[in-house]
Each structure stands twice: as C-alpha cells, then as structure tokens.
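Listed below, chain by chain, are the residues.
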Amino acid sequence: MARALSNLLLKGITGSPAGCSNRMVPASFIQRGMRYSTTVPNDNDTHDDFKPMDKFQDSATSLKDVVEQDVKENPVMIYMKGVPEFPQCGFSSLAVRVLKHYNAPLSARNILENAELKNAVKAFSHWPTFPQIFIKGEFIGGSDIIMNMHQSGELNEKLKDIAVNQEKSA
C-alpha cells in the first residue's frame with residue numbers, strides 16, 4: 001500500500017510513475033515556492049552579461065598554455081576541487097591544510113568550474129586524480145604524497161626556500 005501511495009504521489013508531482021527513469025534531463029522544478037531551472041535560457045532579451053560563458057573560450061590562450069603558465073609562474077600550484085578557503089572534497093582539504101602549515105604562497109584553480117581545464121591538467125601531468133600539486137614547476141602528486149612528504153620531512157626541505165622568500169618579501 002505504501003509503495004502504491006508513493007507511486008501515486010510521485011506521479012502527481014512529476015507526471016510519471018516512480019522508477020520510470022533515473023536519468024537527469026534539463027527541466028524546471030519548484031521547491032519551497034522557488035522556481036529553479038537546470039536549463040540555460042535561450043532568451044534574446046537576456047543581456048550578454050548574464051549569459052553563462054566559458055572564460056577561456058574567447059581567449060587566444062589555450063588551456064594547455066594556462067596550465068603551463070600556472071605551473072611555471074607559481075611556486076606552489078594546486079589544482080583542486082573547490083578553493084583553498086572552501087575545499088569541496090576531503091583530499092583537497094587535506095592538501096591545503098598541509099601546504100598552509102609551511103606558510104608558502106599557495107596558488108590554486110578550482111577544477112569543478114571547468115571540465116575542460118580538468119582534462120587539460122590531467123593531460124599535462126599524466127595523472128588522473130585530484131588534487132594535483134606542483135612545487136617549483138615539478139608535479140609532486142596528490143594529498144597522499146604531500147602527507148607522506150610532510151611526515152618524512154621532505155616537504156619541509158622542498159618548501160623551505162619558498163617560505164623564506166615569502167617572508168622576506170612581506
């Protein structure tokens with residue numbers, strides 16, 4: 001009886017029986033009186049400033065060039081899920097906490113904002129998982145590698161001159 005009631009209720013909400021399909025389709029839905037849409041409006045009246053856009057699409061710089069430049073110009077570069085102030089996964093959070101322990105300048109990019117950037121980073125490092133940490137232009141690895149280096153004292157040696165240079169310039 002409960003199953004029949006839940007099917008009836010779901011059919012009333014969605015217009016289809018429960019369990020009919022579990023794939024996501026672009027649509028609008030109402031939750032707590034607010035209307036949400038998973039589609040991008042194709043409205044000619046919408047100003048260009050409010051339309052979604054790819055930040056790198058109009059740029060002459062390729063994503064490969066962006067990654068190369070990031071790694072080259074930043075002593076400590078992390079490609080992570082989220083940002084250092086608000087990591088979006090435990091591994092990214094662990095990596096940031098360990099790196100911040102050394103007071104080294106930390107530069108980061110959120111790979112969740114751009115799937116193409118995520119793929120460009122994977123291609124650059126030949127490594128499939130995130131976070132990905134580069135120190136002085138060298139690919140180090142993820143949070144597990146950083147944690148092992150921290151525990152062995154190797155990370156302290158690798159970041160020592162970066163942290164010292166940061167303190168001198170401050």
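Note: the structure precedes this text.
So, here is what we can say about the structure in this document. (Residues numbered from 1 in each chain as written. Predicted model: local features only at pLDDT ≥ 70, side-chain atom pairs only at ≥ 80, totals over all residues. Heavy atoms only, no water.)

## Some remarks on the packing of aromatic side chains
Here comes step 1: Summed over all chains, the structure comprises 4 aromatic pairs.
Here comes step 2: Taken together, a centroid distance of 5.8 Å and an interplanar angle of 55 degrees make the contact between Phe124 and Phe134 tilted. Here Phe124 is found in helix H4 (residues 115–125), whereas its partner Phe134 is found in strand E7 (residues 132–135), with 10 residues between them in sequence.
Here comes step 3: In textbook terms, an aromatic cluster arises when at least three aromatic residues are bridged by ring pairs, as seen for Tyr79, Phe124, Trp127, Phe134 and Phe139. (Phe/Tyr/Trp six-rings, centres within 6.5 Å; stacked < 30°, edge-to-face > 60°. Helix = DSSP H or I, 4+ residues; strand = E, 2+ residues; numbered from the N terminus.)

## A look at the pairing of strand E8 (residues 138–141)
Here comes step 1: As paired elements, E7 and E8 share 3 bridges and run antiparallel to each other. Opposite Ile133, over in E8, you have Gly141 as the bridge partner.
Here comes step 2: Where E7 folds back onto E8 in an antiparallel hairpin, the turn is made up of 2 residues, including Lys136, whose phi is positive at roughly 50 degrees. (Pairing = 2+ DSSP bridges.)

## Some thoughts on the nonpolar core
Nonpolar side chains in soluble globular proteins generally cluster together in the buried interior.
Here comes step 1: If you look at the biggest cluster of nonpolar residues, it comprises 17 residues, and the most contacted ones within it are Ile78, Leu99, Ile133, Ile135, Ile146, Leu155 and Leu159.
Here comes step 2: Secondary structure elements with two or more residues in this core: strand E3 (76–80), helix H3 (90–100), E7, helix H5 (143–152) and helix H6 (154–169).
Here comes step 3: By residue number, the principal contributor to this core is H3, which donates 4 residues.
Here comes step 4: What Leu155 contacts, discounting residues up to four positions off in sequence, is Val98, Tyr102, Ile135, Ile146, Met149 and His150.
Here comes step 5: Leu63, Ile111, Leu117 and Ala120 belong to the second largest nonpolar core, which has 11 residues in total. (Core = buried A, V, L, I, M, F, W, Y, C linked by side-chain atoms within 4.5 Å. Buried < 20%, exposed > 50% of the residue type's maximum accessible area, 1.4 Å probe, protein only. Contact = heavy atoms within 4.5 Å.)

## Considering the sheet that holds E8
Here comes step 1: One open sheet accounts for 4 strands, arranged E6-E3-E7-E8; its pairing is mixed. With partners counted over all chains shown, the strands left at the sheet margins are strand E6 (107–110) and E8, one partner each. Each neighbouring strand pair of the sheet contributes to a mean axis angle of 25 degrees, computed without reference to strand direction.
Here comes step 2: Relative to E6, E3 runs parallel, the two sharing 4 bridges. (Axes fitted to C-alpha atoms, helices over the stretch in contact; angles between N-to-C directions.)

## A short note on the pattern of salt bridges
Here comes step 1: Under the definition given, this model contains 5 salt bridges.
Here comes step 2: Between Lys64 and Glu68 there is a salt bridge, and its shortest N-O distance comes to 3.0 Å. You can see Lys64 and its partner Glu68 sitting in helix H2 (residues 63–73), 4 residues apart, about one turn around the helix.
Here comes step 3: Owing to a relative accessible area of 51%, Lys64 belongs among the exposed residues under this scheme.
Here comes step 4: Accessibility expressed as a relative area gives 31% for Glu68, which makes it partly exposed.
Here comes step 5: Its salt-bridge partner being Asp161, residue Lys136 comes within 3.0 Å of it at the nearest N-O pair. With Lys136 in the loop between E7 and E8 and Asp161 in helix H6, this pair connects stretches of sequence that are 25 residues apart. (Salt bridge = Lys/Arg side-chain N within 4 Å of Asp/Glu carboxyl O.)

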